[in-house]
Amino acid sequence: MAPVASSPYPVLGPLPPSLATKDRAASRKRFEDVYSIVRDDLLDDFRKHNMPEEVMAYYRRSMDYNVPGGKLNRGMSVVDSVAILKGRDLNESEYFKAAVLGWSVEWLQAYFLVSDDIMDGSVTRRGKACWYLVEGVGLMAVNDALILEGAIFQMIRKHFRNESFYLDLLDLLHEVSYQTEMGQLIDLITAPEGRVDLSKFSLDRHKTIVTYKTASIPFTSPSLSRSSSADSPSRGGTHQILTITNDYLDYAGTPDQIGKVGTDIMDNKCSWCINKALAHASDRQRRILEINYGHKDPAMEARVKEVFSEIGVDAMYSEYEADAYARINALIDSVPETTSPSGDAVLRRDVFRVFLEKIYKRTK
């Protein structure tokens, strides 16, 4: 990840000291410390409903397995955004509430990932077996995913019920879930496993899938959530670069690097890589892709990757990443910096820029 300080684009105001020092390891540790508090609150709520001890133990195991352990970019960006908007480091109370909100995003991501892995028949996630493949879990994982989603609203109710923005927060969470599920539906309809039809693929269809499946990104800060137009830094840029990087790493990354076995080719995914390849393939190369794409056969997957290499997908991605970075920074520069009605926060361009730096040049 390129450090913020080395960016050719200006940081338009002094960052809060905790962000300016960029001690991300300490920031991550502080954020992770809040996880156990939130988890234990949720377990206490289960206990109040007289859940049996074996159910309590299973619920804890499900949360510990599925929620922490990722990059935590989404959740930590909530905390960073609040500090940037306020223009100072947060006090303990402010930090805790921002971290709880950040963990609600991570719970939401866990809900999506557990569900997605079942639908895709994925094998690994974050360097370990997908939850539904863990011994003793199986299709109970469907219900586990639903409980992870329900837990979000428990934590929001406990910590934000008396806030003036509580209903807006609930509305935003429901909208994010709804849009992400719409994106998943488009993805599944476009590329059903076992029925390969590359004529249904296009970069326009991929862009639509990206726009909706990454709906949780605007939730990473109050300002991002209000900037959902097609030409905003969030929906017009960070949505795309995050997902396109995921698509590229699924093809080019190793399991040790990305924490999972890349399966987009075998799973018939309408990914950026296949769409770029189709747009530049010769008749011979397209025929190879049509024969070999979307099959659970390592040899056929290897043939697809050979065509990707011939066409130059790696170079195309490098060019895309550099162009996208410049374009998103231009969008960020166009965002007006405005003060909130209460006067205690300012919509700063750094909210977008700090998030962009977290995902630019990402290798995992």
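What you are looking at is a predicted structure, and each value in this text was computed from that prediction instead of being measured.

Caption draft 1: View of the nonpolar core. In this structure, Phe31, Leu42, Met63, Trp103, Trp107, Leu148 and Ile156 are the most contacted members of the largest nonpolar core, which totals 51 residues. Looking at this core, the elements that each hand over two or more residues are helix H2 (24–48), helix H3 (53–66), helix H4 (73–86), helix H5 (92–120), helix H6 (140–160) and helix H7 (166–190). Here the element with the most residues in this core is H5; it accounts for 13 residues. Aside from chain neighbours lying at most four places away, what touches Met63 is Tyr35, Arg39, Leu42, Leu43, Pro68, Trp107 and Leu148. Within the second largest apolar cluster, 43 residues are counted, among which are Leu242, Leu249, Trp272 and Tyr325.

Caption draft 2: Local environment of the pattern of salt bridges. Evaluation of the coordinates by the stated rule reveals 18 salt bridges. The closest approach of N and O atoms between Arg39 and Asp64, which form a salt bridge, is 3.1 Å. Of the two residues, Arg39 sits in helix H2 while Asp64 sits in helix H3, which places them 25 residues apart along the sequence. Overall, the relative accessible area of 8% leaves Arg39 in the buried class. Look at Asp64 and you get partly exposed, because its relative accessible area is 27%.

Caption draft 3: Focus on the environment of Gly194. For Gly194, the location among the structural elements is in the loop between H7 and helix H8 (203–213). Along the backbone, Gly194 and Gly294 are 100 residues apart, and their C-alpha atoms lie at a distance of 6.9 Å.

Caption draft 4: Looking closely at helix H15 (residues 313–333). With 21 residues, H15 ought to run about 30 Å at 1.5 Å a step, and its terminal C-alpha atoms sit 30 Å apart, in line with that. By the burial criterion, the buried members of H15 are Val313, Met316, Tyr317, Tyr320, Glu321, Ala324, Tyr325, Ile328, Asn329, Leu331 and Ile332.

Caption draft 5: Inspection of unusual backbone geometry at higher detail. The backbone of Asn50 sits at a positive phi, close to 60°, despite the residue not being glycine. Looking at the secondary structure, you find Asn50 in the loop between H2 and H3. Overall, Asn50 belongs to the exposed group, its relative accessible area being 67%. Positive phi, close to 60°, is recorded for Asn268, a residue that is not glycine. Among the secondary structure elements, Asn268 is positioned in the loop between helix H11 (255–258) and helix H12 (272–280).

Caption draft 6: Local environment of the side chain of Asp247. As for its placement among the helices and strands, Asp247 is situated in helix H10 (residues 234–252). Among the residues examined, Asp247 registers a relative accessible area of 10% and is labelled buried. Discounting chain neighbours no more than four positions away, the residues touching Asp247 are His206, Asp264, Ser271, Trp272 and Cys273.

Caption draft 7: Local environment of the packing of H5 against H6. Where H5 contacts H6, the axes come no closer than 9 Å and their chain directions differ by 165°. The orientation of H5 relative to H6 falls into the category roughly antiparallel. The crossing of H5 and H6 is left-handed. Class assignment for the residues of the contact of H5 with H6 results in 20 nonpolar, three polar and two charged.

Rules behind the numbers
- Per-chain numbering applies: the sequence of each chain, read as written, is numbered from 1 onward.
- Since the coordinates come from a predicted model, pLDDT governs what is reported: local features require at least 70, and pairs of side-chain atoms require 80 or more to be given and counted, while whole-chain, interface and lining totals use all residues.
- By convention in this description, side-chain values take in all heavy atoms of the structure and omit both hydrogens and water.
- Among buried residues, those of type Ala, Val, Leu, Ile, Met, Phe, Trp, Tyr and Cys that are joined through side-chain atoms within 4.5 Å constitute a nonpolar core.
- Residue exposure (1.4 Å probe, protein chains only): buried if accessible area is under 20% of the type maximum, exposed if over 50%, otherwise partly exposed.
- Helix and strand labels come from DSSP, where a helix needs a run of H or I of at least four residues and a strand needs a run of E of at least two; each type is numbered from the N terminus.
- Only heavy atoms enter the contact rule, under which two residues are in contact if any of them lie within 4.5 Å.
- In what follows, salt bridge is the name for a side-chain nitrogen of Lys or Arg lying within 4 Å of a carboxyl oxygen of Asp or Glu.
- Multiplying 1.5 Å by the helix residue count minus one yields the expected span of that helix.
- Under this scheme, a helix contributes an axis fitted over its contacting stretch, all axes are lines through C-alpha atoms, and angles between N-to-C directions fall in the 0 to 180 degree range.
- These descriptions rest on fixed angle ranges, namely under 35 degrees for roughly parallel, over 145 for roughly antiparallel, 65 to 115 for roughly perpendicular, and the rest for oblique.
- Here a crossing is taken to be left-handed if its near helix is turned anticlockwise relative to the far helix by less than a right angle, and right-handed if that turn runs clockwise.
- As a working rule, the residues Ala, Val, Leu, Ile, Met, Phe, Trp, Tyr, Cys and Pro are called nonpolar, Asp, Glu, Lys and Arg charged, and the rest polar, with Gly in that last group.

By themselves these figures say nothing about function.
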